[in-house]
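# Report on the structure
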Protein chains: 2
Amino acid sequence: MRALIALGGNAMTAPDGSARPEDQRAAITAAMEAAADVVAAGSQVVLTHGNGPQVGNLLVKNEIAASIVPPVPLDWCGAQTQGTIAMLILDALEPALARRGLAPRVAAVVSRTLVAADDPHFAEPSKPIGRYLPAAEAAVMIEHGQQWQDRGERGWRRVVASPEPLESLDAGAAAVLLDAGYVVTCSGGGGVPVVRDGDGTLRSVEAVIDKDLTAAVLARQLGADVMVIATDVDAAVVGFSTPQATPLGAITVDKLRALAGEGHFAGGSMGPKVEAAGRFAETGGRAVITSLHRIGEALRGTAGTNVTS
Amino acid sequence: MRALIALGGNAMTAPDGSARPEDQRAAITAAMEAAADVVAAGSQVVLTHGNGPQVGNLLVKNEIAASIVPPVPLDWCGAQTQGTIAMLILDALEPALARRGLAPRVAAVVSRTLVAADDPHFAEPSKPIGRYLPAAEAAVMIEHGQQWQDRGERGWRRVVASPEPLESLDAGAAAVLLDAGYVVTCSGGGGVPVVRDGDGTLRSVEAVIDKDLTAAVLARQLGADVMVIATDVDAAVVGFSTPQATPLGAITVDKLRALAGEGHFAGGSMGPKVEAAGRFAETGGRAVITSLHRIGEALRGTAGTNVTS
């Protein structure tokens, strides 16, 4: 079985959301124990991961040091987090596999995701990133060409486009490595967004791609049998935060979409996961939404929200 | 022919050394035209690269923002630069290959280099990195566990260990991709330095590995026929900056080492390149030191300092 596991923020930060280097290393080390168990159970594994807190930190560094060191664009920050998170994954996963008597073949590819230059999201950026700033400071950033929105009491926040992922440009390399027996990390943070201009030129752009939507595209390109979206809850829930809260087990894409249409899943959190699961399931795969420590059960079909067409 | 090309700072920054994002992209785009020409001439190509100015910028951002955002260690900065430089290489190389009618197969692996935990360089850090600071500010960093040295008029500067590269831990993945027809970027910035503890744990460490010495190790691991060290001069020179300056053409390792022993090559610049070329040549390969725009001639043996055993 070929499985793609999409690791959420809780696999990369402390329980309170802190993203100090030691928090990131501890969380990833724990997550790699879970990943190694899946490999030991006989699956080929592709890993992908989020990068929100890490990118947030890099943006702040850029802003604060801008008068002394040239800031780098958002797409560069995404590439930077691919480097650090991959380093932590490789360092933790290789010995975790070796301890289980498995070949410690691990690799991470720097990965880009193709988006359309005319994606409608570019016209109306809506994804908030980075920290809140007072209006006066936001005004300076707006002068530099960024888009910021008044978010009320907490201040202003930068918004960027979150375009649709069309294709992982580096899935081919990931496939070669998977076929050779490697556990491969690919498309971290949804992949660095790039557009292809008319003359064939590739150009990375300042945007954020939802990592679970990219995971669905990558899983399809790699011919994965199962995609697991590993998050901080055991399953998607209808009636979340109400007395009628009910976790969802096995469910069809159509039923899941109907529930989504009724507004059961929050836009910024479970909503994109449900959408990503639906997209992968409708191409014939199985998608599971579950917590990090239930990945093994999820692959066996005994935990999580299991979505099929 | 399998060729490893080690790109120096001038392939990644403006002629004046500036490393703004647009400088980096322009320099790398030009370098990838040269690399694509080599692929078009029939060679399998592995790319590696330096990252000094880029790491320097990241260290400054860390320092300036430290009271607001947790700084990351030096090894993390190296991993960050692998991400950004690889992104630029991939974006530029893929269309450059396509324009030449070649399969645009490009990949970059996040790469670590094994060093010995008891490498003697750790006891006497000597590699200066980052910016100069006044004594009082350096004292604060020293309190945080860093080593800084008084460099005279310009102020104090951080020094780190530059241990010997023993093995690229990610050469295996690079080999798989090369065999599958990919142009592969590996071991950027000399690779993130990692040590293996007694229990098998891998741990990245704050150090800087000379990128040319790592290139020699990587070239050997990948079975490269030729290693090209691409820099800003056409050849290594004896009597550099004197009226008797003479560029070196074909030369044996023994003769080159004898000249190095006489002090012909500067410690921080040509010295490590000569040492790296010698190490690769003595394992049976051919090493060439030349400028970026002479890589093609260098591979044919008609330019640069050609070192053989």
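Heads up: these notes are all about the structure in this document. Just so you know, these numbers come straight off a predicted model, no measurement behind them.

Reading the values: rules and limits
- Residues numbered from 1 in each chain as written.
- Chains lettered and ligands numbered in written order.
- Predicted model: local features only at pLDDT ≥ 70, side-chain atom pairs only at ≥ 80, totals over all residues.
- Heavy atoms only, no water.
- Helix = DSSP H or I, 4+ residues; strand = E, 2+ residues; numbered from the N terminus.
- Rg over C-alpha atoms; globule rule 2.2 N^0.38 Å.
- Buried < 20%, exposed > 50% of the residue type's maximum accessible area, 1.4 Å probe, protein only.
- Contact = heavy atoms within 4.5 Å.
- Pairing = 2+ DSSP bridges.
- Axes fitted to C-alpha atoms, helices over the stretch in contact; angles between N-to-C directions.
- Buried area = accessible area lost by both parts, 1.4 Å probe.
- Salt bridge = Lys/Arg side-chain N within 4 Å of Asp/Glu carboxyl O.
- Polar contact = N/O pair within 3.5 Å; in protein donor to acceptor, adjacent residues only side chain to side chain.

Of regular secondary structure, chain A possesses nine helices and 17 strands. Relative to its length of 309 residues, chain A is compact, with a C-alpha radius of gyration of 19 Å against a globular reference of 19 Å. Projecting the C-alpha coordinates of chain A onto the three principal axes gives extents of approximately 55 × 45 × 45 Å. Relative to its 309 residues, chain A shows a buried fraction of 57%. When contacts within chain A are restricted to residue pairs at least 6 apart in sequence, long-range pairs at least 24 apart make up 71% of them.

With that out of the way, let us pick up unusual backbone geometry. At Ser187 of chain A, a position not held by glycine, the phi torsion is positive, near 60 degrees. Inspection of the secondary structure puts Ser187 of chain A in the loop between strand E9 (183-185) and strand E10 (192-196). At Ser241 of chain B, a position not held by glycine, the phi torsion is positive, near 65 degrees. Here Ser241 of chain B lies in the loop between strand E13 (237-238) and strand E14 (246-247).

Residue and element names in this part refer to chain A. Here three strands make up an open sheet; going across it, the order is E5-E7-E6 and the pairing antiparallel. On the outer flanks of this sheet lie strand E5 (127-133) and strand E6 (148-150), each paired with one strand and no other. The average undirected angle you get between the axes of adjacent strands in this sheet is 35 degrees. Pairing geometry for E6 and strand E7 (residues 156-160), over three bridges, is antiparallel. Bridge assignment links Trp148 to a residue of E7, and that residue is Arg158. Contacts from helix H2 (residues 52-64) reach E5, E6 and E7, with the element oriented near 50 degrees to E5. In the packing of helix H4 (residues 135-143) onto the sheet, contacts are made with E5, E6 and E7, and the angle to E5 comes to roughly 130 degrees.

Facing 54 residues of chain B, the contacting portion of chain A comprises 54 residues. Together chain B and chain A conceal approximately 4,400 Å² of surface at their shared face, both sides included; 69% is due to carbon and sulfur atoms. On the chain B side of the interface with chain A, the three residues burying the most area are Lys61, Trp76 and Val110 of chain B, jointly 17% of the side's total. Linking chain B with chain A are six salt bridges. Across the pair Glu94 of chain A and Arg196 of chain B runs a salt bridge, and its minimum N-O distance is 4.0 Å. The tally of links between chain B and chain A comes to 14 residue pairs in polar contact (both at pLDDT 80 or more).

Every regular strand shows the same layout, with side chains that alternate between the two sheet faces. All names here are of chain B. Burial analysis of strand E10 (residues 192-196) places four of its five residues in the buried class, the great majority of the element. Inspection of the sheet shows strand E4 (residues 112-114) paired to E10 by three bridges, in the parallel sense. In the sheet register, Leu114 faces E10, and the bridge partner there is Val194. Here E10 folds back onto strand E11 (residues 202-204), and the loop between the two strands holds five residues, one of which, Gly200, carries a positive phi near 95 degrees.

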